[in-house]
Amino acid sequence: MPELPEVEMVVRTLRPRLVGARIRGVETSGLPLRAPIDRKALERACVGARVDAVKRIGKYWLVELSSKHVLVGHLGMTGRLVFSDEDAPRAPHTHAIFHLQRGLDLRYVDPRRFGVLRAYAAADAPSSPELSVLGVDPLERDFTVEYLAAALRKSKRDLKAFLMDQSRVAGLGNIYVCEALWRAELSPKRRSDRAVRSEEHTSELQSHHDL
């Protein structure tokens, strides 16, 4: 499953070609992803709108539109976003197509259909079921050593479960949690509140963070 680094790379790849483009139309396969795709909601949000920004929160990618709507997407296990000429053959498992300017498409392809594709009014997106439950993203300024140490002290879960909890740290999954714990020389089974027990330990955590 794509985690924070992979989704960040997707967003950075989309941004140069997508920001500023207008969406001429939307098509869907009629098949559900993790939840059904509301084609009419996508059309209301997208058709005629300009893409103003492409962002990421945790494992979710967000497309902000001039219509004052936001597309919220998740790649699930097998989802991909690909640019294609409008007249190019459609890959199997293409479940959404956004027709852009000058004959260009942005296509969402997802063989296992575990992804998410929703449209929200911009004011409602932060309280959506997808985004409202997320904790602090590791690449945001609010993710500090002090935040992490305080959260660890309040939890009795093992470190691996704590770090994979999206309400604590948004974006991490099994692969990067294991890598981070190995690099920090911490057992994934160590209890969270015993990982940081003093200001001295917090300073030690800061040194790992600075790496």
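Residues numbered from 1 in each chain as written. Predicted model: local features only at pLDDT ≥ 70, side-chain atom pairs only at ≥ 80, totals over all residues. Heavy atoms only, no water.

1. Looking at the side chain of E130
So, point 1. Secondary-structure assignment places E130 in the loop between strand 8 (116–121) and helix 3 (145–153).
So, point 2. A residue is classified by how much of its surface remains accessible, and E130, at 9% relative accessible area, is buried.
So, point 3. Side-chain polar atoms of E130 contact the side chain of R118, separated by 3.4 Å.
So, point 4. At 2.6 Å, the side chain of E130 and the side chain of Y120 are in polar contact.
So, point 5. In contact with E130, not counting residues within four places along its chain, are Y60, V72, V116, R118 and Y120. (Helix = DSSP H or I, 4+ residues; strand = E, 2+ residues; numbered from the N terminus. Buried < 20%, exposed > 50% of the residue type's maximum accessible area, 1.4 Å probe, protein only. Polar contact = N/O pair within 3.5 Å; in protein donor to acceptor, adjacent residues only side chain to side chain. Contact = heavy atoms within 4.5 Å.)

2. Focus on the sheet that holds strand 8
So, point 1. Pairing in this open sheet of four strands is antiparallel, and the strands run 2-3-4-8 from one edge to the other. Because the sheet does not close on itself, it has two edges, and the strands there are strand 2 (51–57) and strand 8. Across the sheet, the mean angle from the axis of one strand to that of its neighbour is 20°, orientation sign disregarded.
So, point 2. Of the strand pairs in this sheet, strand 2 and strand 3 (residues 60–65) are connected by six bridges, and their pairing is antiparallel. Across the sheet, the residue bridging to K55 is L62, located in strand 3.
So, point 3. Its contacts with the sheet put helix 2 (residues 39–46) on strand 3, strand 4 (69–74) and strand 8, and the angle it makes with strand 8 is roughly 55°. (Pairing = 2+ DSSP bridges. Axes fitted to C-alpha atoms, helices over the stretch in contact; angles between N-to-C directions.)

3. Structural notes on the pairing of strand 6 (residues 94–99)
So, point 1. Here strand 6 lies mainly inside the structure; six of its six residues are buried.
So, point 2. As paired elements, strand 1 (residues 25–28) and strand 6 share four bridges and run antiparallel to each other. Counted as the bridge partner of E27 is I97 from strand 6.
So, point 3. As judged from the five bridges shared by strand 6 and strand 7 (residues 104–109), these two strands associate in the antiparallel manner.

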